[in-house]
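Single-letter residue listing:
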Amino acid sequence: MAGRINDDDVKAVRDAVPIDAVVSEYLQLRNAGGGNLKGLCPFHDEKSPSFQVSPSKGLFHCFGCQEGGDTIAFVMKIDHLSFSETVERLAAKAGITLRYEEGGYNPGHQRGERIRLVEAHKVATQFYIDQLDSPEAEIGRKFLAERGFDQAAAAHFGVGYSPAGWDHLTRFLRGKGFSDKELILSGLSQDGRRGPIDRFRGRLMWPIRDVGGDVVGFGARKLRDDDNGPKYLNTPETPIYKKSQVLYGIDLAKKDIAKVSRAVVVEGYTDVMACHLAGVTTAIATCGTAFGGDHIKILRRLLMDNGSARVIFTFDGDAAGQKAALRAFEDDQKFAAETYIAIAPDGMDPCELRLAKGDEAVAELVQPRTPLFEFALRQIVKRYDLETPAGRAAALDEAAPVVARIKNIGAQHEVAVQLAGMLGILDTQFVVKRVAQLARWARDRGGKGPAQQQPGQRGYDTPAPQAAPAGPALNLRSPAHRTERELLKLALQRPELVSPAFDAYGIDEFTAPPYAAVRQCVQDAGGATGAPSDYLDTVREAAPNDTVRALVTELAVETIFAKTIDEVYAGAQLVQVRLRAVDRRIRDVQGTLARLGAHGDPEQLAAVQNELWVLTQYGQSLRNNGADAL
């Protein structure tokens, strides 16, 4: 074994790769204030952004699902990598050579599975690109030329050619140090009678990249009549390729999709190429599967679900294309974006349209045309004879439930009115009421869903006997909890503003057990005074478990709620936390005094009265003099 990665190298990787740059490869980030960025969480479904990134601290946290951590934790979670695989991947991006504690440098065959499979695809991509220049690939170059793609276009999209022999790529990858097991696992090779053979042979090859830009699979188009395989052959499901979770062209389109809040969904690889070359640089396509829920998740993170977002589907005008459009409409309500469909009048796809009428025709095609819901309703309605009352009633029975699925009540009412017009039903209110009734029934059947998790379900390791309330919910509980949260945020984000006073605060001055646990972490890490450069890392490492560590990250990322974050604001939080602690102690002492009564032990009674006097004077001083009294 190669051993663990040197700790200094891990820190160098963490410092060298900005967390906002890494996260931006997967979702759109916008300004959240206080130097933080926000976006739609990639780890759970949400309508409004609760995922925040703090570039200055190198941390992320989702206030919805509680996922959080540093750059390494983000990549591990989103790409399902081990710690070492993640560090190796980020190190390669930063140009850092890693050292290993045992056994020197890590040889290629000992590296993580995902990294090895991605590397195999990277090598294969270049192999296929080089083969496109071979005499055998003339048929492939002709195919591209006939569709309006020159050599520069092929190079831009990384299009290549797989030789027609049995094992050209397999032998090439073996020579690069890849094992037969890795070749089979990657989907680049398959089992033959005498060992692995190439999966793709004699085909034009399109590399399929994930949103981070890594090649994870291929789409292969047959070129010869004697090829008995399907017209398009895609990589099978592998540890790095899930066809329902990839979109062809997303690596090229993601920045413009985020920039203009618009995405164009086309049907094939050549359609993506045609759109991009025609200036429609937001075009993407599915890879041999219907557009579904996982694809929507990818787009929503880039579109950020703002009110002006648009998704335009361009399907062929034939029956299959119409069927695909209706399937897309089934998931329409998962978008906050408005969805449209664009079908060329003569039924041509974007690639054919560009050949026949030029780039301007493609750009014109994808201008928002028919709302997807309207297209879906017209497809339903046209199957019925609307000249008869029975036909209109039957069409309404099928179409009304579709309209009832629209979640926005205002939009639902408007579409119901349009449906009445499509059907030729003069009593518009009858259709509106019918749709509203169906929507009500659907809500009633769905019920209220499972009860929300109650506070007290997170495992904070604190000495407090009561259950620990959940971190985010504490914001809404009491002024005490809000102030304690603000003070901890200052101690983690701006320790110089609360030092050295903060380090004199007792754990018991934080009434919420989760916050007491974080206070303990700061203490165990050496305190906030003179915080070193790796202060946050040290505090996180001091956490007794993942739950407390997540809360430390959360507080280190959350925006401090002040227009001006200075010593005055920090002093006010310090005073409020201390003052509440003093008031609590006063109440305790007053209770003791009441229990002792007038006939208690005189010496004990005097001690309690003296403590009460001191506490009262201290509380008054805090109220009068603020932070100067600390």
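Residues numbered from 1 in each chain as written. Predicted model: local features only at pLDDT ≥ 70, side-chain atom pairs only at ≥ 80, totals over all residues. Heavy atoms only, no water.

Caption draft 1: Main features of the pairing of strand S10 (residues 215-222). Across the eight residues of S10, seven count as buried, placing the element largely inside the fold. Sheet topology note: the strand S9 (residues 203-209)/S10 ladder contains seven bridges and is antiparallel. Looking at the pairing, leucine 204 lines up with arginine 221 of S10. Hairpin remark: S9 followed by S10, antiparallel, with five residues in the connecting loop; positive phi at glycine 213, about 100 degrees. (Buried < 20%, exposed > 50% of the residue type's maximum accessible area, 1.4 Å probe, protein only. Helix = DSSP H or I, 4+ residues; strand = E, 2+ residues; numbered from the N terminus. Pairing = 2+ DSSP bridges.)

Caption draft 2: Broad picture of the sheet that holds strand S15 (residues 338-341). Spatially, the five strands line up as an open sheet ordered S13-S12-S14-S15-S16, and their pairing is mixed. Two strands bound the open sheet, and with one partner strand each, they are strand S13 (283-285) and strand S16 (370-371). By the bridge criterion, two bridges tie S15 to S16 in an arrangement that is antiparallel. Paired with isoleucine 341 across the bridge in S16 is threonine 370. This element, helix H11 (residues 269-277), spans strand S12 (262-266) and S13 of the sheet and lies at about 175 degrees to S13. (Contact = heavy atoms within 4.5 Å. Axes fitted to C-alpha atoms, helices over the stretch in contact; angles between N-to-C directions.)

Caption draft 3: Just the sheet that holds S10, in detail. In spatial order, the strands read S6-S9-S10-S11; together these four strands make up an open sheet with antiparallel pairing. Of all strands in the sheet, those bounded by a partner on one side alone are strand S6 (160-162) and strand S11 (232-234). For this sheet, the mean inter-axis angle between neighbouring strands, taken without regard to orientation, is 35 degrees. Looking at chain direction, S6 and S9 are connected through three bridges and run antiparallel. If you follow tyrosine 161 over to S9, its bridge partner there is leucine 204. The strands touched by helix H5 (residues 113-131) are S6, S9 and S10; relative to S10, the strand with the most contacts, the crossing angle is about 35 degrees.

Caption draft 4: Representation of unusual backbone geometry. The omega angle of the peptide bond from serine 499 to proline 500 is 0 degrees, so this bond is cis rather than trans. Positionally, proline 500 belongs in the loop between helix H21 (495-498) and helix H22 (513-524). In the Ramachandran plot, glutamine 66 falls in the positive-phi region, its phi being about 75 degrees despite a non-glycine side chain. Position of glutamine 66 among the secondary structure elements: in the loop between strand S4 (59-62) and strand S5 (68-70).

Caption draft 5: Inspection of the environment of threonine 125 at higher detail. Here threonine 125 lies in helix H5. Take threonine 125: its relative accessible area is 6%, and that puts it in the buried class. C-alpha separation for the pair threonine 125 and glycine 160, spaced 35 residues apart in sequence, amounts to 7.2 Å. If sequence neighbours within four positions are ignored, threonine 125 has contacts with Gly158, Pro207, Arg209, Val215 and Phe218.

Caption draft 6: Main features of the nonpolar core. Ranked by internal contacts, the top residues of the largest apolar core, which has 50 residues, are Phe51, Phe74, Ile250, Ile257 and Leu299. Here this core takes five residues from helix H12 (residues 293-303), the largest share from any one element. In terms of nonpolar packing, the next biggest core, distinct from the first, is built from 44 residues, Tyr248, Ala278, Val280 and Leu353 among them. (Core = buried A, V, L, I, M, F, W, Y, C linked by side-chain atoms within 4.5 Å.)

Caption draft 7: Representation of helix H10 (residues 250-260) within the structure. Along H10, the positions that sit buried rather than exposed are Ile250, Ala253, Lys254, Ile257 and Ala258. Along H10, the residues classed as buried sweep out an arc of 135 degrees about the axis, all on the same side. Turned more than 90 degrees away from the buried face of H10 sit Lys255 and Lys259, all of them exposed. Just downstream of H10 lies serine 261, where phi reads positive at about 50 degrees. (Arc of directions from axis to C-beta.)

Caption draft 8: Main features of the pattern of salt bridges. Throughout the structure, instances matching the rule amount to 32 salt bridges. The partner of lysine 297 in a salt bridge is aspartate 294, with the nearest N and O atoms 3.9 Å apart. Taken together, the positions of lysine 297 and aspartate 294, both in helix H12 and three residues apart, correspond to about one turn of that helix. Residue class for aspartate 294 comes out partly exposed when judged on its relative accessible area of 28%. Across the salt bridge formed by glutamate 398 and arginine 383, the nearest N and O atoms sit 2.3 Å from each other. Here glutamate 398, found in helix H17 (residues 389-404), pairs with arginine 383, found in the loop between helix H16 (372-381) and H17; they are 15 residues apart in sequence, far enough to count as distant. (Salt bridge = Lys/Arg side-chain N within 4 Å of Asp/Glu carboxyl O.)

Caption draft 9: Inspection of the packing of aromatic side chains at higher detail. Counted by the stated rule, this structure contains 18 aromatic pairs. With 5.5 Å between their ring centres and 80 degrees between their planes, phenylalanine 60 and phenylalanine 74 make a pair best called edge-to-face. Placement of the pair is phenylalanine 60 in strand S4 and phenylalanine 74 in helix H3 (residues 71-79), with a sequence separation of 14 residues. Just as phenylalanine 60 is buried, phenylalanine 74 falls in that class too. Members of the aromatic cluster, connected to one another through ring pairs, are Tyr26, Phe43, Phe51, Phe60 and Phe74. One cation-aromatic arrangement involves lysine 77 over phenylalanine 43; the distance from NZ or CZ to the ring centre is 5.8 Å. (Phe/Tyr/Trp six-rings, centres within 6.5 Å; stacked < 30°, edge-to-face > 60°. Lys NZ or Arg CZ within 6 Å of the ring centre and 35° of its normal.)

Caption draft 10: Just the pairing of strand S2 (residues 36-39), in detail. Relative to S2, strand S1 (residues 30-33) is paired through three bridges, and the arrangement is antiparallel. Across the sheet, residue arginine 30 finds its bridge partner in S2, namely lysine 38. Hairpin remark: S1 followed by S2, antiparallel, with two residues in the connecting loop; positive phi at glycine 34, about 65 degrees. As judged from the three bridges shared by S2 and strand S3 (residues 51-54), these two strands associate in the antiparallel manner. Bridging from a neighbouring strand, lysine 38 pairs with glutamine 52 of S3.

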